[in-house]
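# Close look at the chain arrangement
Below are the chains, spelled out letter by letter.
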Amino acid sequence: MAVELALIASRLQNLATSDHASVVSMNLFVALLCACIVLGHLLEENRWMNESITALLIGICTGVFILLLSGGKSSHILVFSEDLFFIYLLPPIIFNAGFQVKKKQFFVNFMTITSFGAIGTLISCCIITLGATQAFKRMDIGPLELGDYLAIGSIFAATDSVCTLQVLNQDETPLLYSLVFGEGVVNDATSVVLFNAIQSFDLNQLNPSIALHFLGNFFYLFIASTLLGVLTGLLSAYVIKKLYIGRHSTDREVALMMLMAYLSYMLAELFYLSGILTVFFCGIVMSHYTWHNVTESSRVTTKHSFATLSFVAEIFIFLYVGMDALDIEKWKFVSDSPGTSIATSSVLLGLVLLGRAAFVFPLSYLSNLTKKSPHQKISFRQQVIIWWAGLMRGAVSMALAYNQFTMSGHTQLRSNAIMITSTITVVLFSTVVFGLLTKPLIRLLLPHSTITTSMTTTETSTPKSFAVVPLLGNSRDSEADLEGHEIHRPNSLRALLATPTHTVHRLWRKFDDSFMRPVFGGRGFVPVEPGSPSERNGNSHW
């Protein structure tokens, strides 16, 4: 009995020690997040730095300090987990992107964005896979299978355009911003879908039917994920419109919007769909319908809450990546042949540059052929910035690499260790070096005096303002509709092909005005209750 009591006491003591260590780790990490925010603010006007690079460098410095303090045993205070990234950190970032996006620019350039994000990612993945297969077989890396090479292609096809988006201004360069931003979201979704598809297929028996099945599965995931996000967003709008929860509690409105947004992501994961696409389109739908059905205080609260959660998640990711870059366990495997690791990283970086250029310039040329107005065409300088914006690799690449080449966060094979350290090297080099050069490059290519502002419109259908314009089209069309002008259907296929954007916009406006907004709400279609937006705004139409 005494022995059992002693064992129980020992376990409780170990548990208490473990809990205390976790508390210490979380305290240190939260303090580092605060330091990132403060330093990011102080370096706001710096020509070279931005918050992502600041967090990355602070993470590296902290990793060095912990490495020295632990006697070379560890460089981080938290263990990386793919679940932590994909389930808790990524959803608020992607949802806020859809919630705050300028929908008009996004949908006007939807075909170009989709071609860059989907077709371009496939091209980049193929080039990186073929290049890595040819190069790594000649290098002393270790055994890598076909699935590993295909996974490498999807891992390094995932871009991270945060550094560029922090420099670009939506109002000054709406076309460029929408292309860089939209491509980044679609690219992440495509990369994750590709990676999951590669892992789910038997690559030992390749034949044309498998290739067709792969493409069919890809398009199914893309369409089904988008529809799930739209349906979840519409459900939230309908519930809040019918019940008008805000007349009793704005806290419930905000909580319901947050939980419904997160539910869309988790439902996608439950049904093996792309949570990134689902939560992104859920954010777009919520900003167009749900956001206008809540009280004004809830609008302000949700706008800043979603932006804050996204901001903290981004800083958290870059801070951890910096700390994990010095994980001693991974570097032990390559310590006997540092030249191989450097050569592998160099090859991958070169393939990233090549794969990016292989689709940006050709697809931009094809996109320009479909545009009549010179302001809608992508200039060569803008193409260079789009190419540059996608050179940086970040947390998605890290998470996918850990998923493919580690077991429970640990590396057990030399070839896997080389791939992990090479991924870390590419992420650090591209983020720091390319990121530092982003501001000067954009200022050189797009000086403020020559920035095209003719396409700039006040996109207020997003939660960035309280006035509203339609989901598609320009403000001139909105004013015409406000004056009661009838929206005409195209009388021929030629009319549709001649002005596809305006035609689709008018058809969408008629459908939206006649059915969607009366059912799901939006400005002018919310219930008249004490303190409701309708009561204050006079229940007027757009």
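This text follows the structure it describes.
Quick notes on the rules
- Residues numbered from 1 in each chain as written.
- Predicted model: local features only at pLDDT ≥ 70, side-chain atom pairs only at ≥ 80, totals over all residues.
- Heavy atoms only, no water.
- Patch = residues over 30% accessible without salt bridge, like charges linked within 9 Å, V, L, I, M, F, W, Y side chains within 5 Å.
- Areas by Shrake-Rupley, 256 points an atom, 1.4 Å probe, with all protein chains shown as cover.
- Salt bridge = Lys/Arg side-chain N within 4 Å of Asp/Glu carboxyl O.
- Helix = DSSP H or I, 4+ residues; strand = E, 2+ residues; numbered from the N terminus.
- Phe/Tyr/Trp six-rings, centres within 6.5 Å; stacked < 30°, edge-to-face > 60°.
- Buried < 20%, exposed > 50% of the residue type's maximum accessible area, 1.4 Å probe, protein only.
- Axes fitted to C-alpha atoms, helices over the stretch in contact; angles between N-to-C directions.
- Parallel < 35°, antiparallel > 145°, perpendicular 65-115°, else oblique.
- Left-handed = near helix turned anticlockwise from the far one by under 90°.
- Contact = heavy atoms within 4.5 Å.
- Nonpolar A, V, L, I, M, F, W, Y, C, P; charged D, E, K, R; others polar.

This part takes up a nonpolar patch on the surface. A cluster of nonpolar side chains, namely Leu212, Leu215, Phe219, Ile223 and Leu227, defines an oily patch on the protein surface of about 520 Å² accessible area. As for its placement among the helices and strands, Phe219 is situated in helix 9 (residues 208–243).

What follows deals with the packing of aromatic side chains. If you walk through the whole model with that rule in mind, you get 20 aromatic pairs. With centroids separated by 6.1 Å and ring planes inclined at 50°, the aromatic side chains of Phe181 and Phe280 adopt a geometry described as tilted. One end of the pair, Phe181, is in helix 8 (residues 174–200); the other, Phe280, is in helix 11 (residues 275–288), and 99 residues separate them in sequence. Residue classification places Phe181 among the buried positions, given a relative accessible area of 10%. Aromatic side chains Trp387 and Trp388 sit 6.3 Å apart centroid to centroid with 65° between the ring planes, which places their arrangement in the edge-to-face category.

We note that Tyr272 has phi near 60°; this positive angle belongs to a residue other than glycine. By the secondary structure assignment, Tyr272 is in the loop between helix 10 (250–270) and helix 11. Look at Tyr272 and you get exposed, because its relative accessible area is 71%.

Moving on, we come to the packing of helix 14 (residues 338–369) against helix 17 (residues 414–445). With their axes 9 Å apart at the nearest point, helix 14 and helix 17 run at an angle of 55° to one another. The angle between the axes of helix 14 and helix 17 places the two elements in the oblique class. Our pair here, helix 14 against helix 17, has a crossing hand that is right-handed. Seen from helix 14, the contacting residues are Thr340, Ser341, Thr344, Ser345, Leu348, Leu349 and Leu353; seen from helix 17, they are Arg414, Ile418, Met419, Thr421, Ser422, Thr425, Val426, Phe429 and Phe434. By residue class, the composition of the contact of helix 14 with helix 17 is 8 nonpolar, 7 polar and 1 charged.

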